[in-house]
Amino acid sequence: MVGAFRDWHPMYIDGTGHTEGEGCEHVFSASNELARSTRHASVFHRHQTIEEHFAFWDADKYAALSNFLRNHYREALTSIHTLTAELLALTDNLGLTDADFIKFHSEERLYLDSLKTPPPKELLQIHNVEVLDELAERQSEWNLAREAGNQALTTIPIGDLNQISAALSQARIRVDSAYGKLQNAEALTAHVEMQLQVEEWWAIGDDMYNKYKQETSLRQYCIALDELECLVVMRLFELSKLSLSGTGMDVIYFYLFLILILARLQTMSANWQGLATTL
């Protein structure tokens, strides 16, 4: 997405001026109304309707072409006059030259290129936060398993050997499983922090942890939002294949998409507020 924005945005293409780049979309928006009237028509009448629509479209645009060119020419002259004066004022106040604008453009492209993928070290630091959270969870499971093991025989009648054996077996399995998971989490944490080459290992609640905890939450939110958008777009394409687009179902899915985004934003906002209170 960053690469497409950088390479094809009108601001980065010489000669585009103030064009909105939506000419084709205006044509498609007008022609979409033909779907309802031609859906159940024969092939001949469908082609005839489409051809008549675009013939009238061409005639209307041709009739208004002179006014279109005149108005846009006047707008262009006004923009050149106004923007030239503003640019001269800015260059005088900031001490800039034409070469500086080219330099700024190149630096912006380099910056946008760097946003395609986070640096490997930053990804590792975000992963370290996830590993520390998992370690804390495994430690809590291990403590609960030991406590449950110590209390395994308190509710069993004295002398019931079968229940005593079953309770001890269940407690042993739970303790062994929790301890194995804890060992794996400790080993993974040590491996990640050795890769980071940190002098002092991170702890939950310290400055480095809190900093990248926010990055982790934002990254998870962006991933979830991308997956949700992909699912909505896939469903809209399915509706289009079933000739259900424009019947209201696509609007329903669009509003559902907005509702899910708002709900997710509220959840993330609450999480960030809770994290901010702990800093």
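Heads up: the structure comes first, above all this text.
The following refers to the structure shown. Everything quoted here is computed from the prediction, not taken from an experiment.

1. Describing the packing of helix 7 (residues 120–150) against helix 8 (residues 161–196)
And then number 1: Helix 8 packs onto helix 7 with a crossing angle of 160 degrees between their chain directions and a minimal axis gap of 8 Å. Of the possible angle classes, the one that applies to helix 7 and helix 8 is roughly antiparallel. Between helix 7 and helix 8 the crossing geometry is left-handed.
And then number 2: Of the residues in the contact of helix 7 with helix 8, the class split is 17 nonpolar, 7 polar and 9 charged.

2. Focus on the pattern of salt bridges
And then number 1: Counting across every chain of the model gives 5 salt bridges.
And then number 2: Across the salt bridge formed by D133 and K213, the nearest N and O atoms sit 2.7 Å from each other. Of this pair, D133 sits in helix 7 while K213 sits in helix 9 (residues 207–241), and the two are 80 residues apart along the sequence.
And then number 3: What makes D133 partly exposed here is its relative accessible area of 22%.
And then number 4: As a salt-bridge pair, R138 and E134 come within 3.9 Å of each other at their nearest N and O atoms. On the criterion of helical spacing, the pair formed by R138 and E134 is a turn pair, its members being 4 residues apart in helix 7.
And then number 5: Its relative accessible area of 18% is what places R138 among the buried residues.

3. With respect to a nonpolar patch on the surface
And then number 1: Together, Y62, L65, F68 and L69 give the surface a local cluster of nonpolar side chains, amounting to about 460 Å² of exposed area.
And then number 2: The element best represented in the nonpolar patch is helix 5 (residues 65–94), accounting for 3 residues.
And then number 3: With respect to the helices, strands and loops of the structure, Y62 is situated in helix 4 (residues 43–63).

4. Examining the packing of aromatic side chains
And then number 1: As enumerated under the stated definition, the model contains 2 aromatic pairs in all.
And then number 2: Taking 6.4 Å as the distance between ring centres and 85 degrees as the angle between the ring planes, the aromatic pair formed by F101 and F104 counts as edge-to-face. Separated by 3 residues within a single helix, F101 and F104 lie in helix 6 (residues 98–114), roughly one turn from each other.
And then number 3: On the accessibility criterion, F101 (33% relative accessible area) is partly exposed.
And then number 4: The exposure class assigned to F104 is partly exposed, which follows from its relative accessible area of 39%.
And then number 5: Judged by centre distance (5.1 Å) and plane angle (50 degrees), the rings of W142 and Y179 are tilted. With a gap of 37 residues between them, W142 in helix 7 and Y179 in helix 8 connect regions that are remote in the sequence.
And then number 6: The residue whose ring lies beneath K61 is W57, and the NZ or CZ to ring-centre distance is 4.7 Å.

5. Digging into the side chain of S31
And then number 1: Mapped onto the fold, S31 is located in helix 2 (residues 23–31).
And then number 2: Of the polar contacts made by the side chain of S31, one reaches the backbone oxygen of F28; its length is 3.1 Å.
And then number 3: For S31, the contacting residues outside a window of four places in its chain are H53 and F54.

6. Observations concerning the packing of helix 2 against helix 4
And then number 1: Taken N-terminus to C-terminus, the directions of helix 2 and helix 4 make an angle of 135 degrees; their axes are 11 Å apart at the nearest point. By the angle class used here, helix 2 and helix 4 are oblique. Read as a crossing pair, helix 2 and helix 4 show a hand that is right-handed. When helix 2 is examined against helix 4, the residues H26, V27, A30 and S31 are found in contact with a partner set consisting of H53, F54 and W57.
And then number 2: Of the residues belonging to the contact of helix 2 with helix 4, the class tally is 4 nonpolar, 3 polar and no charged.

Scoring rules and cut-offs
Residues numbered from 1 in each chain as written. Predicted model: local features only at pLDDT ≥ 70, side-chain atom pairs only at ≥ 80, totals over all residues. Heavy atoms only, no water. Axes fitted to C-alpha atoms, helices over the stretch in contact; angles between N-to-C directions. Helix = DSSP H or I, 4+ residues; strand = E, 2+ residues; numbered from the N terminus. Parallel < 35°, antiparallel > 145°, perpendicular 65-115°, else oblique. Left-handed = near helix turned anticlockwise from the far one by under 90°. Nonpolar A, V, L, I, M, F, W, Y, C, P; charged D, E, K, R; others polar. Salt bridge = Lys/Arg side-chain N within 4 Å of Asp/Glu carboxyl O. Buried < 20%, exposed > 50% of the residue type's maximum accessible area, 1.4 Å probe, protein only. Patch = residues over 30% accessible without salt bridge, like charges linked within 9 Å, V, L, I, M, F, W, Y side chains within 5 Å. Areas by Shrake-Rupley, 256 points an atom, 1.4 Å probe, with all protein chains shown as cover. Phe/Tyr/Trp six-rings, centres within 6.5 Å; stacked < 30°, edge-to-face > 60°. Lys NZ or Arg CZ within 6 Å of the ring centre and 35° of its normal. Polar contact = N/O pair within 3.5 Å; in protein donor to acceptor, adjacent residues only side chain to side chain. Contact = heavy atoms within 4.5 Å.

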